[in-house]
Amino acid sequence: MRALVVEDEAILRETLRTRLAAAGFTVDVAADGQEGMFAGLEYPIDVAIIDLGLPGISGLELIRRLRAARKKLPILILTARDNWQDKVEGLQAGADDYVTKPFHFEEVLARVQALLRRAGGWASPQLRCGSVVLDTRAQTVAVGERPVELTTFEYRILEHLMLRAGEVISKAELTERLYDQDFERDSNVIEVLIGRLRRKLDPDEQLHPIETLRGRGYRLALPRETG
Ligand code: CA
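All of these numbers come straight from a predicted model, not from anything done at the bench.

**Student:** Give me the lowdown on the overall build of the protein chain, citing residues and values where you can.
**Tutor:** For the protein chain, the count of helices and strands is eight helices and 11 strands. For the protein chain, the C-alpha radius of gyration of 18 Å lies close to 17 Å, the compact-globule estimate for 227 residues. Summarising its shape, the C-alpha atoms of the protein chain cover approximately 55 × 35 × 30 Å along the three principal directions. By the burial criterion, 50% of the 227 residues in the protein chain qualify as buried. Across the protein chain, the fraction of contacts at a sequence separation of at least 24, relative to all contacts at a separation of at least 6, is 57%. Carbon and sulfur atoms provide 49% of the accessible area of the protein chain, an area that totals close to 11300 Å². On the protein chain, the mean spot of the 32 positive side-chain charges and the mean spot of the 36 negative ones are 4 Å from each other.

**Student:** Any details on the packing of helix 6 (residues 152-163) against helix 7 (residues 171-178)? Residues and values, ideally.
**Tutor:** Each pair of packed helices can be summarised by the angle the axes make with each other and by the distance between the axes. Following both chains from N to C, one finds helix 6 and helix 7 inclined at 130°, their axes separated by 10 Å at the closest point. Overall, the two elements helix 6 and helix 7 adopt an arrangement that is oblique. Viewed along their axes, helix 6 and helix 7 form a crossing whose handedness is right-handed. Counted together, Phe 153, Arg 156, Ile 157 and His 160 of helix 6 and Glu 173, Leu 174, Arg 177 and Leu 178 of helix 7 form the full contact between these two elements. Taken together, the residues of the contact of helix 6 with helix 7 sort by class into four nonpolar, one polar and three charged.

**Student:** How would you summarise the sheet that holds strand 9 (residues 146-148) if you had to cite specific residues and measurements?
**Tutor:** Within a sheet, adjacent strands bond to each other through the backbone by hydrogen bonds, running parallel or antiparallel. Read from one edge to the other, the open sheet built from four strands follows the order 6-7-8-9, with strand pairing classed as antiparallel. With one partner strand each, in any of the chains shown, strand 6 (126-129) and strand 9 form the two edges of the open sheet. The average angle at which neighbouring strand axes cross in this sheet is 25°, direction not considered. Relative to strand 8 (residues 140-143), strand 7 (residues 132-135) is paired through four bridges, and the arrangement is antiparallel.

**Student:** Would you mind going over the pairing of strand 10 (residues 210-213) in detail, with residue names and values included?
**Tutor:** As judged from the four bridges shared by strand 10 and strand 11 (residues 217-220), these two strands associate in the antiparallel manner. When the sheet's bridge partners are listed, Leu 213 is paired in strand 11 with Gly 217. The turn linking strand 10 back onto strand 11 is made up of three residues, and Gly 215 within it adopts a positive phi angle of 75°.

**Student:** Give me the lowdown on the packing of aromatic side chains, citing residues and values where you can.
**Tutor:** Per the counting criterion, the structure on display carries one aromatic pair. Ring geometry for Phe 38 and Tyr 43: centres 6.1 Å apart, planes at 90°, overall edge-to-face.

**Student:** With reference to specific residues and values, describe the coordination of the calcium ion.
**Tutor:** All of the protein donors around the calcium ion are Asp 8 (OD), Asp 51 (OD) and Gly 53 (O); their distances to the metal are 2.2 to 2.4 Å. Taken in sequence order, the residues that donate to the calcium ion follow the motif D-x42-D-x1-G. Of the two residues, Asp 8 sits in the loop between strand 1 (2-6) and helix 1 (10-22) while Gly 53 sits in the loop between strand 3 (47-51) and helix 3 (59-68), which places them 45 residues apart along the sequence. We classify Asp 8 as partly exposed; its relative accessible area is 31%.

**Student:** Summarise the pattern of salt bridges; cite the residues concerned and give the values.
**Tutor:** Scanning the model with the defined rule gives 18 salt bridges in all. Between Arg 17 and Glu 14 there is a salt bridge, with its nearest N and O atoms 2.9 Å apart. Taken as a pair, Arg 17 and Glu 14 lie in helix 1 at a separation of three residues, close to a single helical turn. Judged by its relative accessible area of 32%, Glu 14 is partly exposed. We note a salt bridge from Asp 97 to Arg 111, for which the minimum N-O separation is 2.9 Å. Highlighted residues: Asp 97 in strand 5 (residues 97-100) and Arg 111 in helix 5 (residues 105-119), separated in sequence by 14 residues. Residue classification places Asp 97 among the buried positions, given a relative accessible area of 15%. For Arg 111, a relative accessible area of 28% translates into the label partly exposed. Connected through salt bridges with shared partners, the residues Glu 7, Glu 9, Asp 51 and Lys 101 form a single ionic network.

**Student:** Mind laying out the side chain of Lys 87, listing which residues take part and the relevant values?
**Tutor:** Summarising the element assignment, Lys 87 is placed in helix 4 (residues 84-93). Residue classification places Lys 87 among the buried positions, given a relative accessible area of 12%. Here Lys 87 is in contact with Ile 77, Thr 79, Asp 82, Tyr 98 and Thr 100, once residues within four sequence places are set aside.

**Student:** I'd like a description of the nonpolar core, backed by residues and values.
**Tutor:** Ranked by size, the top nonpolar core spans 50 residues in total, and within it Leu 20, Phe 25, Val 141, Ile 157, Leu 158 and Leu 220 carry the most contacts. When we break this core down by domain, the ones giving at least three residues each are domain 1 (2-119) and domain 2 (126-225). With residues up to four places along the chain from it excluded, the contact list for Leu 158 reads Leu 134, Val 141, Leu 150, Leu 197, Leu 201 and Leu 220.

Cut-offs applied
- Note that residues are indexed from 1 along each chain, following the sequence as it is written.
- For a predicted model such as this one, the threshold for reporting local features is a pLDDT of at least 70, and the threshold for listing and counting side-chain atom pairs is 80 or more; totals across whole chains, interfaces and linings nevertheless cover every residue.
- Only hydrogens and water are set aside when side-chain values are computed; all heavy atoms of the structure are taken into account.
- Labels follow the DSSP assignment, with helices taken as runs of H or I lasting at least four residues and strands as runs of E lasting at least two, numbered in each case from the N terminus.
- Using C-alpha atoms as the atom set, the radius of gyration is obtained and then compared with a globule rule of 2.2 Å times the number of residues to the power 0.38.
- Accessibility here uses a 1.4 Å probe with only protein chains present; expressed as a share of the type maximum, an area under 20% marks a residue as buried, one over 50% as exposed, and anything in between as partly exposed.
- By definition, residues are in contact when any of their heavy atoms lie within 4.5 Å.
- The protein chains shown are the only cover counted for residues, whose accessible areas, like all others here, come from Shrake-Rupley with a 1.4 Å probe.
- Positive charge is attributed to Lys and Arg, negative charge to Asp and Glu, and no charge count is given to His or to the chain ends.
- Throughout, a charge is located at the NZ atom of Lys, the CZ atom of Arg, the CG atom of Asp or the CD atom of Glu.
- Working convention: axes come from line fits to C-alpha atoms, limited for helices to the stretch in contact. Angles between N-to-C directions cover 0 to 180 degrees.
- For classification, angles of less than 35 degrees are called roughly parallel, those exceeding 145 degrees roughly antiparallel, those between 65 and 115 degrees roughly perpendicular, and all remaining angles oblique.
- Handedness of a helix crossing follows the sense of rotation of the near helix relative to the far helix, less than a right angle counterclockwise being left-handed and clockwise being right-handed.
- Basically, the charged four are Asp, Glu, Lys and Arg, the nonpolar ten are Ala, Val, Leu, Ile, Met, Phe, Trp, Tyr, Cys and Pro, and anything else, Gly included, counts as polar.
- DSSP calls a pair of strands paired once it identifies at least 2 bridges connecting them.
- Each Phe, Tyr or Trp ring (for Trp, its six-membered ring) is paired with any other whose centre lies within 6.5 Å, and the angle between the two planes then decides the class: stacked below 30 degrees, edge-to-face above 60, tilted in between.
- Think of the donor list as every N, O and S atom within 2.8 Å of the metal, or within 3.2 Å for Na, K and Ca; water never makes the list, so a site can look incomplete.
- In what follows, salt bridge is the name for a side-chain nitrogen of Lys or Arg lying within 4 Å of a carboxyl oxygen of Asp or Glu.
- We call a set of buried Ala, Val, Leu, Ile, Met, Phe, Trp, Tyr and Cys residues a nonpolar core when their side-chain atoms join them within 4.5 Å.
- Domain ranges listed in this record stem from an automatic or a database domain assignment.

Encoded structure:
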């Protein structure tokens, strides 16, 4: 998953960057509303964390402009004061949730993960497709009772496919969600990772969890189990 952090306080911005990256996110950061707008329009961002008190374009204005540009990504706002007007205005501008500063990183992470799940149509932090179970909190994967050990990149791909189970996800989209803009992109890597995921999830070739749609991308082909 790719997250955008728009925060003018350098220490807080770097803390969010580091901790989100450690939690498995690809992270873009912006120090003001202008940079945030650029990143929000140019990069395939899955979730944005936006401080309301920004220099230049305010956080509220940034949210309004992103929504006016038809960006539907979930947005979590950071508000400095425990001020109900800020929260109401932020939600009215198009934010989905808020956290009041000072906060514990775990709260930000839990809210971001919940927003992403809901955006993918999932209610629970445990995503189940057929017998494949992915726990977004523990970042663990199992097939039935069998735990499956995945690398960070393999996990990121599977999480993205499962959050949007049933949809076709292009190779380009998966590539962009694996690396931030500084990395060299190589779409052959995705094919290799998908191959490894298939072998790890389905060593006996019984499940066929990931479908290849030639020229279009990949789809998590197992049915979503809800409840
Ligand atoms: Ca600020």
